[in-house]
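Structure at a glance
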Amino acid sequence: MGNHGMEDLIPLVNRLQDVMGRVGQNSSLHLPQIVVVGGQSAGKSSVLENFVGRDFLPRGSGIVTRRPLILQLLHADSEYGEFLHCQRKKFTDFDEIRKEIEEETRRLTGSNKGICPVPINLRIHSPHVLNLTLVDLPGITKVPVGDQPADIEYQIRDMIMQFICKDNCLVLAVTPANTDLANSDALKLAKDVDPQGQRTIGVITKLDLMDEGTDAREILENRLLPLRRGYIGVVNRSQKDIDGKKDIKAALLAEKKFFLSHPAYKHMAENMGTPYLQRTLNQQLTNHIRETLPAFSCHLQSQFLALNKEAEEYRQYSSEDPARRTKTLLQLVQRLAVDFEKLIEGSGDKVDTANLSGGARINRIFHEQFPCELVKIESDERKMRQEINYAIRNIHGVRTGLFTPDLAFEAIVKKQISRLKGPCLKFIDLVSQELITTCVYHVLVQCTLRLKVDEVLILTVLMCVCSVQVLLLIGIQLAYINTKHEDFIGFTNAQQTYNHSNKTGKVIRKGWLTISNIGIMKGGAKEFWFILTAESLSWFKDDEEKEKKYMLPLDNLKLRDVEKGFMSSKFIFAVFNTELRNVYKDYKCLELACNSQEELDSWKASLLRAGVYPEKVPVSGNGAENSTDPQLERQVETIRNLVDSYMSIVYKTIRDLMPKTIMHLMINSVKEFISSELLAQLYALGECSALMDESPEQQKHREEVLCKHAALKEALAVIGEISTSTCTTPLPPPVDSSWIQSSTELCVKLGLRLLLTPWRKRSGPKRPHSTAPPSVPRREEK
């Protein structure tokens, strides 16, 4: 059983588990423990109750255990239970322990059948138990019930895997004897995380419920599906015994009598039953702790050293020392200046691999969000052409214009430039919010100081200065329209671009359209990938543009509106030839359908830019007419090209100057203010002493660090006293693991074997047991 120091280590692990559970660090320590895994109604709860000798676990149908139960058994003179969430309260009535488990489970999971991974810690002191730490998990289920989610099976499996995948965990795989061992979910999960079987202990329950003439001797002798640590059989109380309040002591006597009297088990009765299982688990957990002690000690030592410096500072903490407050304030401001610059420049020692922060978020605003905002303000094609049309006609007045008026171009350009004010001011606000988040919340922890820094930080002033400068930049663009810019195409080039567009083959638009007027006999309406250039309209099978279906020249084509059908959700327009020739095969017109009105308007505007004009333009609601005069249309197209060219210059300039302006007037100014002015501004408030008051969050963090540090120190001290020469039972040698395969494959093999075996051979005398796994259970051959 090991020396006295080893026996004391299990209670120490329990205390350490409680301490780490309070500070939320339980899972990071990989504490040595035994995890109970099995399907629903496999008998896990009955095994645990037999260990304690009391009824204290919830009972019922379906999923009863809906939260992990960390059960710590401690040998003591008196008998009582304690919960981690009910400190300093001793439960001597085990019915109250059951009710408390049910209420605590219901508090987080609801009254139906939901599950929750937050564990319940229960410690039971009793003279009838050996020192053990066990974790009871929800039973593996297949079908959701109640308010359980559809993926309840995977949630339970994930919860189980979080426990059993740790190397310091022993797996107690519970399987009922009246089910096929090859289909045991508990053994399958254990084999996934422990393929060599060094951490798995098999428990076979319900041996008394097997069919008459069958037994589990092959399993218990470790010959059917061998495990390195073997199997132990137990007989629990039946549901009738539980309902009849049968005493557990009487049940244990009945269990002992069962093994001594059963012809298949009496030769191994000393190695069966709940008392033997409890002794074995105590011994194996003790041995397991000893085996994992070096790695566990190193893990504790690394965590202890990581907390040592912080804990030492907290131990020397004095809330009323003015010198400490002044020194701390100075250190915090200095650290703020350094950390803020590192976050902005991306030169910090720690790199966040989960989320963008600091300068990376500002960079995203510079080069992703702001350009997107600029794109949003561009008018749609239809509205732009309408504005140009009205501008040209209003400038001509009663006269008939022969030349393209430059006043119309300037009016449209200035209107577009003025729309830049909104995105630019929004840009400043976004960067300001990121600076506040980076400076005040990512760097500072102390809440009182954080509020004061937010108050004295000059971001509001800097935002005003930056906004004035940005508005000045937009005003400069409005003041003078530089048509001599080297990137501007000019009037002549714009007219040439329009007049000779048929020779350039420039792509104007791409997208999906449906040819809707193809008859059902010829395949019906089909969707194709269309490409509109200055000289043709082509369509392909898909957007990879590899298989061209047809190319339609734009010469003599016109555009016509098509009324939307009563049952149709599509928006349709048609192109036709003015010389009454077929435009496509034997069709006089080609009807093309879109999914929305905006898409329809956009395609019509693009066709207009390519020189495909509408058959007629209806009168608008305000009484103004859109002229079909070719001369006016050419002027509109020329102005449109000029506006596109000039606004691309303006957008390019603004995209370049805005980040530079904000970097100079805001970000660099904040850096300089924190480095040279922030400390003086805080002292000017006259509340420096109050700034260093410890916040509730910081106080809680300090207590948690000190508590965790003390627990680690105590654990290391006890581990250091344990003799490394402790006597222990060696781990059994490896067993044949050739049976490791999926349960489906095994079942298929078993089924084929039965099908291929002649009936007379199967019904004859039974063959002797084979020692080469896997073998067929005798109850399958019956």
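As a reminder, the structure under discussion sits directly above these lines.
Summarised in this report is the structure supplied together with it. (Residues numbered from 1 in each chain as written. Predicted model: local features only at pLDDT ≥ 70, side-chain atom pairs only at ≥ 80, totals over all residues. Heavy atoms only, no water.)

**A look at the overall build of the protein**
Scanning the protein from N- to C-terminus turns up 26 helices and 17 strands. Here the protein, with 782 residues, has 46% of them falling under the buried criterion. Here the contacts in the protein between residues at least 6 apart in sequence split such that 76% fall between residues at least 24 apart. Only carbon and sulfur atoms are counted for the fraction: they give 52% of the accessible area of the protein, which is about 40,400 Å². (Helix = DSSP H or I, 4+ residues; strand = E, 2+ residues; numbered from the N terminus. Buried < 20%, exposed > 50% of the residue type's maximum accessible area, 1.4 Å probe, protein only. Contact = heavy atoms within 4.5 Å. Areas by Shrake-Rupley, 256 points an atom, 1.4 Å probe, with all protein chains shown as cover.)

**Structural notes on helix α2 (residues 44–52)**
Among the nine residues that make up α2, nine are buried, leaving the element largely enclosed by the rest of the structure. Turning to α2, its buried residues are K44, S45, S46, V47, L48, E49, N50, F51 and V52. With its phi angle positive at about 80°, G53 sits one or two positions after the end of α2.

**Notes on the nonpolar core**
In terms of nonpolar packing, the biggest core is built from 57 residues, with F409, I417, L420, V431, L435, M658 and I662 touching the most fellow members. Mapped onto this core, the elements with two or more residues apiece are α10 (322–345), α11 (359–377), α12 (381–396), α13 (406–418), α14 (421–441), α16 (459–479), α20 (630–676) and α21 (678–684). The element that contributes the greatest number of residues to this core is α20, accounting for 19 residues. Excluding residues that lie within four positions of it along the chain, F409 makes contacts with I481, T483, F488, I639, L642, V643 and Y646. If you look at the next biggest cluster of nonpolar residues, it comprises 47 residues, including V52, L300, Y314 and A715. (Core = buried A, V, L, I, M, F, W, Y, C linked by side-chain atoms within 4.5 Å.)

**Comments concerning the side chain of S538**
Among the secondary structure elements, S538 is positioned in strand β12 (residues 536–540). Once residues within four sequence positions are removed from consideration, S538 is found in contact with W529, F530, I531, K548, Y550 and M551.

**Examining the environment of S46**
Following the sequence through the fold, S46 ends up in helix α2. For S46 and V235, which are 189 residues apart along the polypeptide, the C-alpha to C-alpha distance reads 9.3 Å. Setting aside its immediate chain neighbours within four residues, S46 contacts R59 and N236.

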